[in-house]
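The primary structure of each chain is shown beneath.
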Amino acid sequence: MGTGVIRRLAAAAVGACALAGIAAPGAAEARDVIRFTASSAEPGTIIIRNSERRLYFVQADGTAIRYRIAVGRPSEQWLGETVVNGRHVRPAWSPPAVVRRSNPALPDVIPGGAPNNPMGEGALTLAGGEYAIHGTSAGMRRSIGTAASFGCFRMLNEDVVDLMNRVGVGTRVVVTR
C-alpha cells in the first residue's frame, strides 16, 4: 500500500471516530507500553491491579499498554473477573445509591458531555454490578493514581478513548489486589 493510501485511511479513521463522538488517540500522559507476562493474561484481556493503581491492556506481542487509573477507596475496592458489557460515548450518569448517600445534593442525572459528568468522554460498563472503567471530569483529573472512587476505575479522558478504541463488548476484565 502506498503512503498516500495509508494517509487517506488514517484520515478516514480519525473522521469516523469524530463522527462517533470518540476523539482519536493522542499522546496521553498516563500510558506506556511495557513487557508483560502473566499466566492468566491472554491478548485482549484487561488486567486491573488495585494496589498499583494501574490498568493493563494485554497485547499479542508480549507487551501491555499500561495506564494510570484511580481505583476504589480501600472500603470500596473489589476483586474478581467480569467482562465489558457496554461501550458508551459521553454517557449520562445517574449516581448509584452508595454515591447518593455520600453526596445527597447530586442531581438525579448529569447529562453526557456536561463538564461535571464524572464519566467523562466514555465508559466501558462491567457486567455484574454498577461499575465501569470510565473517563473523568476536568475537576477529577488529579485523582488519577489514587484510591478515590466508589469502586469504578477512573482514567484520563484521552486514555479511556484510547482503550475504548481497542476493546469491545465481551472483553475479559481481571481485577486483582
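Being a predicted model, the structure only gives us computed values, none of them experimental.

K.L.:
Go over helix H3 (residues 157–164), please, and point to the residues and values.
P.N.:
Counting buried positions along H3 yields seven of eight residues, so the element is predominantly enclosed. Regarding H3, the residues found buried are Asn157, Asp159, Val160, Val161, Asp162, Leu163 and Met164.

K.L.:
Pulling in residues and values, what's your account of the confidence of the model for the protein?
P.N.:
For the protein, mean pLDDT is 86; residues scoring 70 or higher make up 82% of the total. For residues 1–28, every residue scores under 50 in pLDDT, and the model assigns this stretch 21 contacts once sequence neighbours within four places are set aside.

K.L.:
Please give an account of the sheet that holds strand S2 (residues 46–49) that cites residues and values.
P.N.:
Spatial strand order, S1-S4-S3-S2-S11-S6-S7-S8-S10: nine strands in an open sheet with mixed pairing. A strand with exactly one partner marks an edge of an open sheet, and here the two such strands are strand S1 (31–35) and strand S10 (153–154). One ladder, built from five bridges, connects S1 with strand S4 (residues 63–68); its direction is antiparallel. From the neighbouring strand, Ile34 faces S4, where its bridge partner is Ala64.

Cut-off values and rules
Residues numbered from 1 in each chain as written. Predicted model: local features only at pLDDT ≥ 70, side-chain atom pairs only at ≥ 80, totals over all residues. Heavy atoms only, no water. Buried < 20%, exposed > 50% of the residue type's maximum accessible area, 1.4 Å probe, protein only. Helix = DSSP H or I, 4+ residues; strand = E, 2+ residues; numbered from the N terminus. pLDDT = per-residue confidence, 0-100. Contact = heavy atoms within 4.5 Å. Pairing = 2+ DSSP bridges.

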